[in-house]
Amino acid sequence: MEFEDSSKHIVDKPMALELRGVSKTFYSDAGAEVQALQGVDLLIRHGELVTLVGATGCGKTTLLNLIAGLDRPDDGYLHLGEDLNFGDNIAYVFQHYTLFPWRSVLRNVTFGLQMRGVTRSERKNRALELLSKVGLSNFRDAYPHELSGGMRQRAAIAQALAINPKMLLMDEPFGALDDTTRRELQQVLTELWQEQNTTILFVTHNIDEAIVLGGKVVVFSERPGKVIHEFEIDLPRPRNRLTSQFTDLFMQIRKTLSGQLD
Amino acid sequence: MSKEELRNKNASYRSKLLGWTILPVTLLLIWQVAAKYLNQPWIFPPVTSVIEQLAHPFRQHYASGSLLSNTLISLLRVLLGFSLAAVAGVTLGIVMGSIRIIRSALEPIVEILRPLCPIAWLPFAIAIFKLKTLPQLFGIKYSRTIFDQIQLGMIFVIFVGGFFPVLTNTLDGVTGVRRNYLLLAKTLGATRRQTFLHVYLPAAMPMILTGLRQGIGLCWFVIIAAEMMTGSESGIGYLLIYASDNSAMDIVIAAMLIIGSIGALLSFAMRRMMCSAVRWHGKEV
């Protein structure tokens, strides 16, 4: 089965997120200045799945934290679409510690709904539905430490989707998984995205992953992080890694990334 | 099970058997023979007379009550004082741990009072509370129950003994909460109050329970010492010093055995609670 890539038709969709000239500097405990982001420009439209690829430590996490409202930019302009609100419909999936270890899988998924005062039976129904979508129905009563890495990230995705987010921020969520599991989860995420119409900003350092998932791949420079290039990915889904378009794109992005190393 | 595992299991079984039966029985035998040989029971009583005392927990010892009644008084004092300390310590620990301003404001006082031996508070507590008992606090002069033996001064000292271990461990637990869990709760829409209840409290629970275990152990130490001080007139610590003054070394040793066993029981109960309450501890992923 081939899905038509939805990013083609997205250009006229309303803006979900706009960053212009966003900069952020940290000060280490020793007082040293670390510029994490410098003049980041980025535009994401509603329903887009954008992947952001760059070397580890290039300020990608900082960028996500700014978008999630967990931190503020020093300079520049960060604008969220009208219906997006911090702590309401922007969900976040981390690579590590992304589930509460003291809660079972089911109670992890219901956390967001519980905070919103949704009734017990309603939140359970919603959670069970999501758990079956991510293939974890049989593990609802397990605790995070009893799950494999892949299962944990499935649970984390269900936990994030439970609040019906308009935007999903993902910080290298599959970074610690083996290749097979990683590919399975890429497929799960793609299907959920096509079904839920959520805007997703997915950060990775894996070029292959960026192309497999992204309707648009944003290439980030080394610290201080800024956008060096954007690639529109027009390949049909599910994406075949063995086509020449795929490998061509891979090489282009590889070159863009290493180009600024020289 | 492999051969080696089987061997290890047998070895651990043998050492347990040794630790729980053979070694204690040998020691008791040596004790008995030595005590008989020495024949000075007011200094070194034989095992049999200590066992005889333990077998009669209701026997009244002059005006000081029985082994059992004094043990119950001590236990009740500890449980009351410790409960107060647990509630106060956990609450303040969470507040101090999560609100920086309150923490820096209170830290100096805590750091000065914490190293102070709880027994040092006893004269002050008795001066403040006189010998007021718990029923008297509610306007009842004599309730004719065990509660007439629960002096507020004692409760206060127990409270001080339990409060600081609970507070400092809770504080460590709360400040050690992974930032990710807080961010996660925030993005999932938790309010400040919900974050206290659903993130700080469960995340700090292993440390809180460690604090409670240390706290109740310390309280049990403190009550024995406090009851041995002048001014006390009941409790297992009091019975111990009273029996000593009357050269009843068999009662002294019986009291020691009871104190040790109860301490071990309290610790064991807390450990059991800990294991079942925080199965996830040390397995964060």
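Novice: Provide a residue-level description of the overall build of chain B, including the pertinent values.
Specialist: Check the secondary structure of chain B and you find eleven helices and zero strands. The order of α-helices and β-strands along chain B, N terminus first, is α-α-α-α-α-α-α-α-α-α-α. Once the C-alpha set of chain B is aligned to its principal axes, its extents read approximately 75 × 70 × 30 Å. In chain B, which comprises 285 residues, the proportion classed as buried is 37%. In chain B, the proportion of contacts linking residues at least 24 apart, taken out of those at least 6 apart, comes to 71%.

Novice: Which residues make up the overall build of chain A, and what values do they have?
Specialist: Tallying secondary structure elements over chain A gives eight helices and nine strands in all. Computed over C-alpha atoms, the radius of gyration of chain A comes to 18 Å, within 12% of the 18 Å expected from 2.2 N^0.38 for 262 residues, which places it in the range of a compact globule. Its C-alpha atoms put chain A at 55 × 50 × 35 Å along the principal axes. Looking at chain A as a whole, 44% of its 262 residues are labelled buried.

Novice: I'd like a description of the nonpolar core, backed by residues and values.
Specialist: Grouped together as the largest cluster of nonpolar side chains are 135 residues, with contacts concentrated most on Ala158(A), Leu169(A), Val157(B), Ile158(B) and Ala255(B). Counting residues per element, this core draws most heavily on helix 9 (residues 192-228) of chain B, at 16 residues. With residues up to four places along the chain from it excluded, the contact list for Leu169(A) reads Leu64(A), Ile67(A), Ala68(A), Ile90(A), Tyr92(A) and Leu201(A).

Novice: Describe the pairing of strand 6 (residues 167-171) of chain A, listing the residues and the values that go with them.
Specialist: Residues and elements named next belong to chain A. Among the five residues in strand 6, five count as buried, and that is most of the element. Every second residue of strand 6 is oriented toward a common face, with Met167, Leu169 and Asp171 on one face and Leu168 and Met170 on the other, all of them buried. Alignment of strand 5 (residues 90-93) against strand 6, held across four bridges, turns out to be parallel. From the neighbouring strand, Ala91 faces strand 6, where its bridge partner is Leu168. Of the strand pairs in this sheet, strand 6 and strand 7 (residues 199-204) are connected by five bridges, and their pairing is parallel. Paired with Met167 across the two strands is Thr199, which belongs to strand 7.

Novice: Can you tell me about the domain arrangement of chain B, naming the residues and giving the values?
Specialist: Domain boundaries in chain B define domain 1 (1-39) and domain 2 (47-277). Centre-to-centre, using C-alpha coordinates, domain 1 of chain B lies 33 Å away from domain 2 of chain B.

Novice: An account of the sheet that holds strand 2 (residues 33-45) of chain A is requested, with residue identities and associated values reported.
Specialist: Residue and element names in this part refer to chain A. In space, the three strands of this open sheet follow the order 2-1-4, with antiparallel pairing throughout. Bordering the open sheet on either side are strand 2 and strand 4 (75-80), each of which pairs with just one other strand. Neighbour-to-neighbour, the strand axes of this sheet turn through a mean angle of 20°, independent of strand direction. In the sheet, strand 1 (residues 15-27) pairs with strand 4 via five bridges, with the strands oriented antiparallel. From the neighbouring strand, Glu18 faces strand 4, where its bridge partner is His79.

Novice: Please provide a residue-by-residue account of the packing of helix 9 of chain B against helix 11 (residues 249-277) of chain B, values included.
Specialist: All names here are of chain B. One way to put it is that helix 9 packs onto helix 11 with a least axis distance of 10 Å and a crossing angle of 170°. Relative to helix 11, the element helix 9 lies roughly antiparallel. Contact residues: Met205, Leu209, Leu212, Arg213, Ile216, Gly217, Trp220 and Ile224 in helix 9; Ile259, Ile262, Gly263, Leu266, Ser267, Met270, Arg271, Met273, Met274 and Ala277 in helix 11. When its residues are assigned to classes, the contact of helix 9 with helix 11 shows 13 nonpolar, three polar and two charged.

Novice: Please provide a residue-by-residue account of the interface of chain B and chain A, values included.
Specialist: On the side of chain A, 22 residues touch chain B, which itself brings 19 residues to the contact. For the side of chain B that touches chain A, the secondary-structure elements that each account for two or more residues are helix 8 (179-187) and helix 9 of chain B. Ranked by residue count, the leading element in the side of chain B that touches chain A is helix 8 of chain B, at six residues. Residue composition of the side of chain B that touches chain A, grouped by class: ten nonpolar, four polar and five charged.

Novice: Describe unusual backbone geometry, with residues and values.
Specialist: Residue and element names in this part refer to chain A. Here Arg237 and Pro238 are connected by a cis peptide whose omega angle stands at -10°. Relative to the helices and strands, Pro238 resides in the loop between strand 9 (227-232) and helix 8 (244-259). A positive phi angle, close to 50°, is found at Tyr97, a residue other than glycine. When you line up the elements, Tyr97 lands in the loop between strand 5 and helix 2 (105-109).

Novice: Go over the sheet that holds strand 5 of chain A with me, naming the residues and quoting the values.
Specialist: Residue and element names in this part refer to chain A. The six strands are arranged 5-6-7-3-8-9 in an open sheet whose pairing can be described as mixed. Strand pairing shows two members of the sheet lacking a second neighbour, strand 5 and strand 9, which therefore form its edges. Here the strands of the sheet are splayed against their neighbours by 15° on average, with no regard to which way each runs. Sheet topology places strand 3 (residues 49-53) next to strand 8 (residues 216-220); four bridges connect them, and they run parallel. By the bridge assignment, Thr51 is partnered in strand 8 with Val217.

Novice: Requested: an account of helix 1 (residues 3-38) of chain B, with residues and values cited.
Specialist: All names here are of chain B. For helix 1, built from 36 residues, the straight-helix expectation of 52 Å at 1.5 Å per residue is met to within 8% by its first-to-last C-alpha distance of 50 Å. The sharpest bend along helix 1 comes to roughly 40°, located at Leu18. With one of its 36 residues buried, helix 1 lies for the most part at the surface. Once helix 1 finishes, Asn39 follows within two positions and takes phi at roughly 55°, a positive value.

Novice: Explain the environment of Arg107(A) to me, using residue names and the numbers behind them.
Specialist: Assignment of secondary structure puts Arg107(A) in helix 2. For Arg107(A) and Ile90(A), which are 17 residues apart along the polypeptide, the C-alpha to C-alpha distance reads 20 Å.

Novice: Please give an account of helix 5 (residues 122-129) of chain B that cites residues and values.
Specialist: Because each turn of an α-helix spans 3.6 residues, side chains separated by three or four positions in sequence point in the same direction. Residue and element names in this part refer to chain B. Listing the buried residues of helix 5 in full gives Leu122, Ala125 and Ile126. For helix 5, the arc enclosing every buried residue in end-on projection is 95°, short of the 170-degree limit, so these residues lie on one face. Structural note: helix 5 exposes Ala127 and Ile128 on the side pointing more than 90 degrees away from its buried face. Elements that come into contact with the buried residues of helix 5 comprise helix 7 (152-175) and helix 9. Once helix 5 ends, the next one or two residues include Lys130, with phi positive near 50°.

The rules behind these values
- Residues numbered from 1 in each chain as written.
- Chains lettered and ligands numbered in written order.
- Predicted model: local features only at pLDDT ≥ 70, side-chain atom pairs only at ≥ 80, totals over all residues.
- Helix = DSSP H or I, 4+ residues; strand = E, 2+ residues; numbered from the N terminus.
- Buried ≥ 20, exposed ≤ 12 C-beta atoms within 10 Å, placed from the backbone.
- Contact = placed C-beta atoms within 7 Å.
- Rg over C-alpha atoms; globule rule 2.2 N^0.38 Å.
- Core = buried A, V, L, I, M, F, W, Y, C linked by C-beta atoms within 7 Å.
- Pairing = 2+ DSSP bridges.
- Domains from an automatic or database assignment.
- Axes fitted to C-alpha atoms, helices over the stretch in contact; angles between N-to-C directions.
- Parallel < 35°, antiparallel > 145°, perpendicular 65-115°, else oblique.
- Nonpolar A, V, L, I, M, F, W, Y, C, P; charged D, E, K, R; others polar.
- Expected span 1.5 Å × (residues − 1).
- Bend = angle between axes of the 7 residues up to and from the residue.
- Arc of directions from axis to C-beta.

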